[in-house]
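Residues per chain, in single letters:
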Amino acid sequence: MPKAIWNDEVIAESEDTVVLEGNHYFPLDSVREDVLVPSDTHTVCPWKGKASYYSLRSDGHTAPDAAWFYPDPKPDASAVRDRVAFRRDVLIQA
């Protein structure tokens, strides 16, 4: 089962990930809410739409804008709706 590991902790785990452009998108409800900190950062992908971000915080460590999601993805990217992906410093074990 795919796991997202950051700061030596499992922060997400699900058999239902979507892999897109090499990133595992975890269902939002599989991510530990206690490590997610909403961010004001947004970016735009031409084919997925507007991305929003979370920072990660746990045990005195913070990783700014280390997770992203598409709250309203474009139709071609609808598979990532309500899912979260992580920056490369979050280890994904598949």
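Residue numbers here run from 1 along each chain, matching the order of that chain's written sequence. For this predicted model, a pLDDT threshold of at least 70 governs which residues receive local features, and a threshold of 80 or more governs which side-chain atom pairs are given and counted, while totals over whole chains, interfaces and linings are taken from all residues. Side-chain numbers here rest on the full set of heavy atoms in the structure, without hydrogens or water.

Draft legend 1. Molecular detail of the pattern of salt bridges. Here, a salt bridge means any Lys or Arg side-chain nitrogen found within 4 Å of an Asp or Glu carboxyl oxygen. For the structure on display, the rule yields seven salt bridges. The partner of Glu13 in a salt bridge is Lys3, and the shortest N-O contact between them spans 3.9 Å. Taken as a pair, Glu13 in strand S2 (residues 9-13) and Lys3 in strand S1 (residues 3-6) lie far apart in primary sequence, 10 residues in all. The class for Lys3 is partly exposed, based on a relative accessible area of 27%. Lys48 serves as the salt-bridge partner of Glu21, at 2.4 Å between the closest nitrogen and oxygen. You can see Glu21 sitting in the loop between strand S3 (18-20) and strand S4 (23-27) and its partner Lys48 sitting in the loop between strand S5 (36-45) and strand S6 (49-58), a full 27 residues away along the chain. Exposure remark for Lys48: the relative accessible area of 5% places this residue in the buried category. Among the ionic contacts, a cluster of salt bridges with common partners joins Glu9, Arg32 and Asp34. Elements are defined by DSSP. Helices are runs of H or I of four residues or more, strands are runs of E of two residues or more, and each kind is numbered from the N terminus. Residue exposure (1.4 Å probe, protein chains only): buried if accessible area is under 20% of the type maximum, exposed if over 50%, otherwise partly exposed.

Draft legend 2. A look at the UniProt feature "domain: DUF427" (unreviewed entry) in the protein. On the UniProt side, "domain: DUF427" (unreviewed entry) is annotated at positions that read residues 3-88 here. Helix makes up 0% of residues 3-88 and strand 58%, with an end-to-end C-alpha separation of 13 Å. UniProt positions are given in the numbering used here, feature names are shortened, and annotations may be inferred rather than shown by experiment.

Draft legend 3. Up close: the packing of aromatic side chains. Each pair of aromatic rings taken from Phe, Tyr and Trp, with Trp reduced to its six-membered ring, is defined by centres within 6.5 Å and is described as stacked if the planes are under 30 degrees apart, edge-to-face if over 60, and tilted in the remaining cases. Enumeration over the complete set of coordinates arrives at three aromatic pairs. Summarising the aromatic geometry, the rings of Tyr25 and Trp68 are spaced 6.4 Å apart at their centres and angled 85° between planes, so their arrangement reads as edge-to-face. Separated by 43 residues along the polypeptide, Tyr25 in strand S4 and Trp68 in strand S7 (residues 61-69) bring together distant segments of the chain. Residues Tyr25 and Trp68 agree in their burial class; the two are buried.

Draft legend 4. Region of the structure containing the sheet that holds S7. Pairing is antiparallel across the open sheet formed by six strands, whose spatial order is S3-S4-S8-S7-S6-S5. The sheet terminates laterally at S3 and S5, the two strands that pair on one side only. Averaged over all neighbouring strand pairs, the angle between strand axes comes to 35°, with direction disregarded. One bridge is not enough; two strands pair if DSSP finds at least two bridges between them. Each axis is a line fitted through C-alpha atoms, taken for helices only over the stretch in contact, and angles between the N-to-C directions span 0 to 180 degrees.

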